[in-house]
Amino acid sequence: MTGASSLATAERVARIPARPRTWPRTLGVVGVLAVLTALTATPALGGVEIDLGAIAKNWTNGADRIAQMLTPDLSVLPRTWQPLLETLQMAVVGAAISAALAIPLSMWAARPTNPRTPTRMAVRFVLNMIRAVPDLVYATILVAMVGVGALPGVITLVLFDVGIVVKLVSEAIDSADSAYMEAGRAAGGTQTQINRLTALPQTWPAYVSQVLYSLELNVRISAILGLVGAGGIGRLIDEMRGFYRYDALSTIVLEILIVVVFIELASNILRKRLR
Amino acid sequence: MTALAVRAPIAPPRPRRLAVRIASWTVAAVVVGAFVGLDIEWDKLADLPGDLVHYGSLMFSDPDWSMLPEALRQTWRSVSMAWLGALLGVVLSTMLGIPAAEGVGPLWLRLPLRGLFAIIRAVPEVVIAIIILTVTGLTPFTGALALAIGGIGTHAKWTYETVESAPGGAVEAVRAGGGGLLATIRWGLWPVISPELASLALYRFEINVRTSAILGLIGVGGIGDMLTTYTQHRQWDTVGVLIIVVIVVTMTIDAVSGAIRRRIMEGAKVRGVDRSS
């Protein structure tokens, strides 16, 4: 009796797969996260000093500013048209130049369109380096080099856009179906002919979609480029901030929001048409 | 002769692409208009390669390596800001983003939450930092808070999009088994979405590393602060060191974090395959 039931239990136990032991891994991950957090929150090591007392003491300052921003002062609008137009022009010019540069560069950076490893690796490495530098750092340095104005802003946008467009488009080429390219090769085409006649038309939708995306990003970025003197509406943001005109500041932010939403809608329609 | 005559009418007519043509001419006009309208002395561009070589040699021919320890210290401060900002931002976005997903939260909760995310997305991080610095001053803590709050805009959006695109089988199973809302989220939703959320969290950290350098411009400390100061003083040999440090650190963090993200996502995929077979 007892023997039979224990036999049945033993059989059942044997049939249920063992619960996977995940706790050591979970513990490891949580431990690493905790240690990193503790290290970054230690001021003695150069980390961040978490000062909750300041929040408890001064939170009304922030609340006041947000309240001020919630009542936008629309009288500043007429002054914003010119810088806003400049921002839009910079965004378009930056996107256009980078779009032109991105075509050959993405062909160079993708494996199917550039089978030669050394040049592909070189292009990818340079582009990784370009992407590693934050946009406003470019702007700061370029303003110091070529002077205040829209030119450093446009160059910054071009560098930034080339980085992302080439990365995303070359990845699209890498993952695309290569049957057409094989057909081109079988027909005796040279690599350039194959790229131009098969790879390029195939990646056209991905390419246009990324260029539109970079245009959207450009409007957002060129809103702050003015903070370092690189032209556009950011100059006005910096000015209003200097005069503590937070009601005017929120008007500008609102204006940028409307423009960005409008561009997003337009590019969504274009993207849908392309598919 | 006859063969040609037969074949010619079969060829389909060239599609009329009037709309496409109008669209492309409009785009061309906008681009040309922007080029012409922009107040840039384009002839200055001719000097640019010379300038680049000139300043490039000033920066990189003899970098002032004695500044390296200070640069690394400031980089660590930036990375700390990025890490704490990512941690706090991801926790907040997960808590706010999951209720904002369709099928989880009710409509009266979803709409205001999504509105909040959209507003935060519209405000540049620098402006958020300007507001926060009235509370916590020009400290790295301000930077971390600005990254956390600024990150909610996009990250919470990614979170609810992830939740909405998750396959619903497990959720239905838990609901059919009589689970309440919390049980459904914990056992139906969380196992499905957690790999992607973890991957997105690491990606948020990568973005923050770049953004923290930007926040340095308004003076909250870190490598961006140092870079602005030395650029304004035109100490190019130090700027060279700082740029090298920024590039090396960012690329290293991207590589490590990218490898972990791939492990997370592909690990999840392999487990999925095992289950179905």
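Residues numbered from 1 in each chain as written. Chains lettered and ligands numbered in written order. Predicted model: local features only at pLDDT ≥ 70, side-chain atom pairs only at ≥ 80, totals over all residues.

Caption draft 1: Expanded view of the overall build of chain A. Across its full length, chain A holds eleven helices and zero strands. Each helix and strand of chain A, ordered N terminal to C terminal, gives the series α-α-α-α-α-α-α-α-α-α-α. For 275 residues, the compact-globule estimate of 2.2 N^0.38 gives 19 Å, and chain A exceeds it by more than 25% at 27 Å. A principal-axis box enclosing the C-alpha atoms of chain A has dimensions of 95 × 75 × 40 Å. Burial status across chain A gives 40% buried among its 275 residues. (Helix = DSSP H or I, 4+ residues; strand = E, 2+ residues; numbered from the N terminus. Rg over C-alpha atoms; globule rule 2.2 N^0.38 Å. Buried ≥ 20, exposed ≤ 12 C-beta atoms within 10 Å, placed from the backbone.)

Caption draft 2: Spotlight on the environment of Leu142 of chain A. Within the fold, Leu142 of chain A resides in helix α6 (residues 135-146). With 26 C-beta atoms counted inside 10 Å, the residue Leu142 of chain A sits in the buried group.

Caption draft 3: View of the packing of helix α8 (residues 179-186) of chain A against helix α9 (residues 191-225) of chain A. Residue and element names in this part refer to chain A. Here α8 crosses α9 at 160°, and the two axes come no closer than 9 Å. Compared by their axis directions, α8 and α9 come out roughly antiparallel. The handedness of the crossing between α8 and α9 comes out as right-handed. Contacts between α8 and α9 involve Tyr180, Met181, Gly184 and Arg185 from the first element and Gln193, Ile194, Leu197, Thr198, Ala199 and Gln202 from the second. Counted by class, the contact of α8 with α9 contains five nonpolar, four polar and one charged residues. (Axes fitted to C-alpha atoms, helices over the stretch in contact; angles between N-to-C directions. Parallel < 35°, antiparallel > 145°, perpendicular 65-115°, else oblique. Left-handed = near helix turned anticlockwise from the far one by under 90°. Contact = placed C-beta atoms within 7 Å. Nonpolar A, V, L, I, M, F, W, Y, C, P; charged D, E, K, R; others polar.)

Caption draft 4: Region of the structure containing α6 of chain A. Residues and elements named next belong to chain A. The end-to-end C-alpha distance of α6, which contains twelve residues, comes to 16 Å, matching closely the 16 Å that a straight helix rising 1.5 Å per residue would cover. The buried fraction of α6 amounts to twelve of the twelve residues, a majority that puts the element mostly inside the structure. After α6 finishes, the residue Gly147 shows a positive phi value of roughly 95°. (Expected span 1.5 Å × (residues − 1).)

Caption draft 5: Quick look at the nonpolar core. By size, the foremost hydrophobic cluster in this structure holds 134 residues, and its most contacted members are Leu249 and Ile252 of chain A together with Ala129, Leu242 and Val246 of chain B. Among the elements that line this core, the one with the most residues is helix α4 (residues 77-109) of chain A, at 13 residues. Beyond its immediate chain neighbours, meaning those up to four positions away, Val246 of chain B contacts Ala132, Val133 and Val137 of chain A together with Ala213 and Ile223 of chain B. (Core = buried A, V, L, I, M, F, W, Y, C linked by C-beta atoms within 7 Å.)

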